[in-house]
Structure formats: C-alpha cells, structure tokens
Amino acid sequence: MSGDRDLRDLERRLSHALHQAAPRPDPRLAQRLLSHTAAVPQRRGWSPFMTSAGALAVAAVVVLAILTGLALGQLPRNVGSGPDATQSASTVASEAPATISPTPSETPPSPSPSAATLPDGQRCTNATLGYALSYPADWYANPEIEQEFGDPIAACTYFSSQPMDIAPNAGLPPVVAISFERWTEVPPTGEGWEVVSREETSVAGLPAVVIELEQTSDAGAPFSAAGDRSYGYEVELPDGSVLTASTGTTANGDYAEHRDVLDQMMATVELTGDGRAENP
Amino acid sequence: MSVDLVLRAKGGDHEAFASLVRPQIDRLHGLAGLLLRDPSRAEDALQNALLDAWRDLPKLRQPERFDAWLRRLVVNASHDEGRRLKRRRGETPLTPHHEPRTSGGISADLADRDEIARAFRRLREEERQVVALRYYADLSNAEAAAALGIREVTYRSKLHRALRALQAALAAEARGVTRAKEACS
C-alpha cells in the first residue's frame, strides 16, 4: 500500500515538474512552422484522365518528374541517420541484411537499357507491388515493416548498400538508395524539376521510360535543392498502373553507383502479376 | 479534433491543416524538448514532424487518429534529431554537466520540481518517451501506446519500469550520486 501511495505521489510530482520543465516556444513558432509546410506539396494523385494508357505516354516526363521528385522529397529527412545508427526505440527495425526469399539469382532476359546482370545477387519478391528482382549480394533490402497507420511497407521496396533503419509512419532515412512505388494514377509533379535526359525502353517486356531530372530551383526545399538530381524508371503495367523505381543525389552514397545498380536491378525485374497500386 | 478538418486537410486544404495543428504546437514542442533534453533542437524535430504530417496526410486512412499519428511523428522526429545530435557531439551526454541545483531560500516545491526534472533527464530515451507521453502530454495508456506504436500492455510495462528507474534516479540524486547510465540513452 505504501508503495502504491509513493507511486501516486511520484506521478503527481512528475506531472507537475514536466509541465514546468517543458520548453516554452516562441509565440511565432506556429506561424513559422506552418509557413514551411504550406510550401511543400502533399503526396497525392493527379487528375484521373492522366492515367489512361495514351495519356500516360504523353505524360511520361511529368510522371517521372513527380515520382522521382517525391522520392527525393522523402530522402532528406533524418539527415545523418546512417549505418551506425542505434536501434530505434520506436520502430520496427529493418537493419538485418536482406534475407527475403534468398533464392539464387535469376536474370531473365529483358530488353533493359543495361546489359549488366546480377549473377551473384540476391533475389527478393515484393508481393504487394507485384514484382521480383535481383539486387547486389552486398546490398540490403527492407523486410516487411508493420505500421500503426496504413498498410505495412512491403518487403523488397527499399534498397541500400548499408543497413537501413526505417521507422514506420515516418519519412525514409537518406541511407535508402533506391525505392520502388506503384501508382494507380499520375501523382503530383515536383516543383522545379527539369528533364536532363529521357529514353524509352522496356522492362520485363513492358514499355518504360528512363528519366534523369535536375532540380533547378529551391522550390522543393527542404526536401531538395537546386542541383539535386534524380534518376528513375517508370514502367507501364498491363492494368494501367505504373511501377516506378528511383534514386537521387539526396540519398547517402554514390549517386553514379546507385544509378548503375538500379539499371542492373531493373534488368532482372519479373512481374509477379499479383501486385496492386498503392499510390495515391 | 475535427474529422471534417482532417478530411479537408487530406484534400489539400492547408488552412484546415493549420487549424488542426496550431492548437497543439506548444504541447508538441514541449514534448519534443523533453524527449531531446535540448529545447533548441525541439523546433527542428517539430518542423520535420509537421512536414511529414502534411506531406503524408493523404495516406492517413483513419482521420479520427490524426492526433495520435501526429504525436507519433513527433516522437519519431525527436528520436531522429537526438540521434543526429549524438553523432554531431560524439557520445557526450546531452544532460548538462553542471545542472543548476536549487538551494537555500528556494521553496520546497521548486526544489522538488527541479530534482524530478533532473532525474527525468537522466532517464534513457525510451523511458523519457513513455513518461513524457503520460505525464506531460497527458495521454491515456492506450493513446501513449499508439503514439509509440506498441501494444498497450507493453506500454504499461515500460511505464512501470520507467517510473521505477525514475525513483532510483531520485534516490541517487538524494545521495548525490549520478546515474552511471546517463550517457547511454
């Protein structure tokens, strides 16, 4: 009984002390913070008419600008969280080396822009987005990550040469080098991105484009800045949805290497046919 | 919290988002400051959390959970900011080496408050999270558990252990002994 009383007394004192000890913000803090959020686009869908197959081809440039811009937009958050990061107390961790479906690497023939393959790579399957692919033997892929809000993040969605610590319901750490998404409709464009190069290609026998973009202004701040680049694929799937894969200079590591790895990975993509679009 | 406001904000209405967030900013800033033990970084953590909230709001499938989701983002952002600070400063503990102590002439209430605040700052990060959500953010066990992404029963267990750790820290404080683990959080 005495212990319970002591505990209740401690709780009362604790509540009082914490309310007094908490920092008092500048009265203009709300205005300052909200002015920043107002300058950032939400992640949402584009006009539905843009999703038709014909329009998709015309809008390819815009689409990848959107997708890669958004992917970059996620990356700068958590600057500095790298492989030496300690285990997050509030996350379902994903620091284990990729062990998802570690079947021997298969490199199905695919008219990819890169002839390179990954004969020694690992292979994983993303059942949610509907693909299987190979990635380098010394890279990591995320396992499935449960989230409090929304669906779990599917395994085999994010890739990095370093262990990843991805928090559920939070932005991606910059250690993530390559990310995949699947869209039902064209997502919003990233402000200030311009096409550096664009090439039509195919992935797993399906029409695709490879686009590199450059941010020409600071309109995307704080997620991207002038001079940032992104590189990615947009694959038009039979059901009209779009599979995207991208990397960018805001990720930790060597952008040129990440581009090469992405090219090699895309050459190994097989569609499993059971995926579904998640965005928007 | 108005679900209608959340739905409008999900639809891209930033004014609605501001209306949802503005009344909570002082409390969320205080929470981040307590978790980080560094008020100067609380604004950065809160900024990151709000940016995530605004950007990813269209993906929020349960509008009625907006508040819990936002708190969760603040906890995660504070964790990230703390980790970044730790790397920048090496493994130097964030707690000041020479914290002010109340002394003669100060009321007993103030002395007690100061003592508890010092003991709180010596808790590990996870302990500070569970304690601050309950006793500063004034959340129920279920709400605090949701903010941390853990089950309520797990939260209660962690809270119990954190309070025991706080009691131990207070006892150590009373003996003038600093907690050996203060640099490990």
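Bear in mind the structure is a predicted one, so any value in this text is a computation, not a measurement. (Residues numbered from 1 in each chain as written. Chains lettered and ligands numbered in written order. Predicted model: local features only at pLDDT ≥ 70, side-chain atom pairs only at ≥ 80, totals over all residues.)

Another point: the overall build of chain B. What chain B contains, in helices and strands, is nine helices and zero strands. By the burial criterion, 46% of the 185 residues in chain B qualify as buried. (Helix = DSSP H or I, 4+ residues; strand = E, 2+ residues; numbered from the N terminus. Buried ≥ 20, exposed ≤ 12 C-beta atoms within 10 Å, placed from the backbone.)

This next bit is on the nonpolar core. Nonpolar side chains in soluble globular proteins tend to end up buried together. Counting residues in each nonpolar core, the largest one holds 63 residues, and the members touching the most others are A:Leu18, B:Val74 and B:Ala132. Residues lining this core come from more than one domain, with at least three contributed by each of domain 1 (1–92) and domain 2 (103–185) of chain B. Not counting residues up to four positions away in its chain, the partners in contact with B:Val74 are B:Leu28, B:Leu31, B:Ala32, B:Ala45, B:Leu46 and B:Ala49. Ranked by size, the runner-up nonpolar core spans 45 residues in total, among them A:Phe159, A:Trp183, A:Ala251 and A:Val261. (Core = buried A, V, L, I, M, F, W, Y, C linked by C-beta atoms within 7 Å. Domains from an automatic or database assignment. Contact = placed C-beta atoms within 7 Å.)

On to the sheet that holds strand E10 (residues 242–248) of chain A. Residue and element names in this part refer to chain A. Read across the open sheet, the seven strands follow the order E4-E5-E6-E10-E9-E8-E7; overall the sheet is antiparallel. Both edges of this open sheet fall to strand E4 (140–141) and strand E7 (193–203), since each of them pairs with a single strand only. Sheet topology places E4 next to strand E5 (residues 158–160); two bridges connect them, and they run antiparallel. Opposite Ala141, over in E5, you have Phe159 as the bridge partner. (Pairing = 2+ DSSP bridges.)

Before going further, it helps to spend a moment on helix H2 (residues 29–38) of chain A. Among all positions in H2(A), only A:Ala30, A:Leu33, A:Leu34 and A:Thr37 are buried. For H2(A), the angular spread of the buried residues around the axis is 95°, confining them to a single face. Seen from the buried face of H2(A), the exposed residues on the opposite side, beyond 90 degrees, are A:Gln31 and A:Ser35. Buried residues along H2(A) sit against helix H2 (14–21), helix H3 (25–36) and helix H4 (39–56) of chain B. (Arc of directions from axis to C-beta.)

Moving on to the packing of helix H1 (residues 3–10) of chain B against H2(B). All names here are of chain B. Packing of H1 against H2 brings their axes to within 7 Å, and their N-to-C directions diverge by 135°. Relative to H2, the element H1 is oriented oblique. In terms of crossing hand, the pair formed by H1 and H2 is left-handed. The residues of H2 that touch H1, namely those facing Leu5, Val6, Arg8 and Ala9, are Ala16, Phe17, Ser19 and Leu20. (Axes fitted to C-alpha atoms, helices over the stretch in contact; angles between N-to-C directions. Parallel < 35°, antiparallel > 145°, perpendicular 65-115°, else oblique. Left-handed = near helix turned anticlockwise from the far one by under 90°.)

On to the environment of B:Phe17. For B:Phe17, the position within the fold is in helix H2. Using a count of 24 C-beta atoms within 10 Å as the deciding quantity, one classes B:Phe17 as buried. If sequence neighbours within four positions are ignored, B:Phe17 has contacts with A:Thr37, B:Ala9, B:Trp54 and B:Leu57.

Here we take up unusual backbone geometry. Backbone geometry at A:Cys156 places phi at a positive 70°, although glycine is not the residue there. One can find A:Cys156 in the loop between E4 and E5.

Let us look at the pairing of strand E6 (residues 178–183) of chain A. All names here are of chain A. Counting buried positions along E6 gives six out of six residues, so the element sits mostly inside the fold. Every second residue of E6 is oriented toward a common face, with Ile178, Phe180 and Arg182 on one face and Ser179, Glu181 and Trp183 on the other, all of them buried. With two bridges joining them, E5 and E6 adopt antiparallel strand pairing. Within E6, the residue paired with Tyr158 across the bridge is Ser179. Examined bridge by bridge, E6 and E10 share five bridges and lie antiparallel to one another. Residue pairing in the sheet places Ser179 in a bridge with Ser246 of E10.

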